[in-house]
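Coordinate inspection notes
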Amino acid sequence: METIQETFIKKGVSVVPRLCPRHQAESIYQKIFEQIDHCAREVGCDIERYLSNVSRWVDPSPVTQSIHTWANVFLKNRLNEIMGQEVELKKTNIISKTAYASRAVPCHQDISYSPDQPYEFSLWFALHDVTQNDGVMEFLPYSHHAEIASAVDFWQPNFIDKVARSSAWRKNSIHLPVQAGDAILFDSRIWHRSADSQSHHLRFAIVTRWCRADYKPPPHIPEKIPADFGMWNCGQLTEALLKQGLETCFQQAITADLATYIRAWNVKLTQREKIPFPVDFIHAKQSLDDLLILQQASVLHNGGDAQGIVYPKLWTHLLEPLSKWLNKIKTEQTSIYHDRP
Ligand SMILES: O=C(O)CCC(=O)C(=O)O
């Protein structure tokens, strides 16, 4: 029978059954949950609201601190045995799916997101049972031998997962249900995704990134290509648009940070000030509140949005109509300037 390492090398993915006993996974989850509850209170919202906007925490974070040593000692020892050589821990994440954020993470290759500091493989450790309906991990076996594509920017508004619709994916992908305490080992070049959760059960995983001692990164990893509004520029664009909007709509010129612009816009929407473009006040305000939670979680907890929900929602409810209006004003001003005798 093939070893876990042989399957991993051949197919790019392999399951590690019972990496640790279920009760250990459960007690790790309890500690993580207590930390998340604390984080939610710190940003002034309930845990449901926090978890609808924050679904990933990267070490160093108060949420990952209770597992830091466990990953570096227990997981490392188990991986040294499985791989038959020393491995080095590069990064630790906790990733969640819940009733409040239950979407898919679209098809991608991990390596494309860190071209400057590539890692070799991930260990996805399940803290809950994951059946077909719980946001199961899915893989395209052998695709780690394919050419590396640029990172997929699934934070773009109206993003469509073309790989998941491809015939190769539909014919050859596999899904890997696991139990609490099991893990999945996968190559950083393999195409994979996590499905949306239909059950809305808790599905937390500890996702660690590793290299073997003799790891040689592939020679060519494409650069990330920023979209018009997406993963790599949405923070700056949002800040610039909100600032410009305050100046142009309300003659309120301030130079501050994103949180201040969000709060200032929130006041305008709450007071139902006259806004010169069509906007759904309730949705726009809710999207701003959500972004403020994500922003605070990012600063305080190294938290992020694994499913790409928060920024695209704000784009639809406020930023897109605002940017169209700002462009219109700019065009009108330019034409007045050019029309001068
Ligand atoms: O846990 C998930 O939902 C997605 C994890 C994933 O795709 C990754 O860690 O690369």
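Residues numbered from 1 in each chain as written. Predicted model: local features only at pLDDT ≥ 70, side-chain atom pairs only at ≥ 80, totals over all residues. Heavy atoms only, no water.

1. A closer look at the overall build of the chain
Put simply, the rule is: Numbering of helices and strands runs from the N terminus; a helix is a DSSP stretch of H or I covering at least four residues, while a strand is a stretch of E covering at least two. C-alpha atoms define the radius of gyration in this analysis, and the globule rule sets the expected value at 2.2 Å times the number of residues to the power 0.38. Throughout this description, buried means an accessible area under 20% of the type-specific maximum (1.4 Å probe, protein chains only), exposed means over 50%, and partly exposed covers the range between. We call two residues in contact when some of their heavy atoms are within 4.5 Å. Here the Shrake-Rupley method, with its probe set to 1.4 Å, supplies the accessible areas, and only the displayed protein chains count as covering residues.
Within the chain, the secondary structure is distributed over ten helices and eleven strands. Relative to a compact globule of 341 residues, whose C-alpha radius of gyration would be 20 Å, the chain shows 22 Å and is just as compact. Seen through its principal axes, the chain has C-alpha atoms that stretch 85 × 45 × 35 Å. Within the chain, the proportion of its 341 residues that are buried is 52%. By sequence separation, contacts in the chain at least 24 residues apart represent 82% of the contacts at least 6 residues apart. Surface summary for the chain: the accessible area is close to 16,400 Å², and the carbon and sulfur share equals 52%.

2. Digging into the site of the ligand
Here is the rule: By convention in these notes, a residue is near a molecule or strand provided one of its non-hydrogen atoms lies within 4 Å of it. As used in this structure description, the phrase polar contact means that two N or O atoms lie within 3.5 Å; if the pair is within protein, one of them must be able to donate a hydrogen and the other to accept it, and residues adjacent in sequence are counted only when both atoms belong to side chains. Using a grid of 1 Å spacing that covers the protein atoms alone, one calls a set of points a cavity when a 1.4 Å probe fits there but cannot get out, and a pocket when the set is open and has protein on both sides within 12 Å along at least five of seven lines; lining residues are those with an atom within 4 Å of a point. The way we define it, a molecule is inside a pocket or cavity when more than half of its atoms are within 2 Å of that pocket's grid points. Residues are grouped as follows: nonpolar covers Ala, Val, Leu, Ile, Met, Phe, Trp, Tyr, Cys and Pro; charged covers Asp, Glu, Lys and Arg; every other residue, Gly included, is treated as polar.
Every residue near the ligand is listed here: Ile95, Lys97, Val105, His108, Asp110, Trp124, Met137, His192, Ser194, Arg203, Val207 and Arg209. The contact in question runs from an oxygen atom of the ligand to an N or O atom on the side chain of Asp110, over 2.7 Å. Arg209 is positioned with one of its side-chain polar atoms (N or O) 3.0 Å from an oxygen atom of the ligand. When atoms are counted within 2 Å of each cavity's grid points, the one that captures over half of the ligand is the largest pocket. For the shell around the ligand, the elements supplying multiple residues, two or more each, are strand S3 (87–97), strand S4 (105–108), strand S9 (192–194) and strand S10 (203–212). Counting residues per element, the shell around the ligand draws most heavily on S10, at three residues. Of the residues that constitute the shell around the ligand, the class distribution is five nonpolar, three polar and four charged.

3. Quick notes on the side chain of Ser194
Structurally, Ser194 can be placed in strand S9. On the accessibility criterion, Ser194 (5% relative accessible area) is buried. A distance of 2.8 Å separates the side chain of Ser194 from the side chain of Lys97, its partner in a polar contact. With sequence-adjacent residues up to four places away left out, Ser194 is seen in contact with Lys97, Ala104, Val105, Gly135, Val136, Met137 and Arg203.

4. Brief notes about the layout of surface pockets
The following threshold applies: Grid points are joined across faces, edges and corners, and a volume is the space filled by probe spheres set on the points. Residue ranges labeled as domains rest on an automatic or database domain assignment.
Its volume calculated, the largest pocket comes out at about 1,100 Å³. Lining the largest pocket are 39 residues, and of these Arg56, Val58, Lys91, Tyr113 and Met231 sit closest to its centre. Only strand S2 (56–58), S3, S4, S9, S10, helix H7 (234–250), helix H9 (281–301) and strand S11 (303–304) provide two or more residues apiece to the lining of the largest pocket. Class assignment for the residues of the lining of the largest pocket results in 18 nonpolar, twelve polar and nine charged. Residue-level mapping places the lining of the largest pocket at the junction of two domains, with at least three residues from each of domain 1 (10–212) and domain 2 (234–330). The calculated volume of the second largest pocket comes to roughly 280 Å³. Its residues assigned to classes, the lining of the second largest pocket shows nine nonpolar, four polar and three charged.

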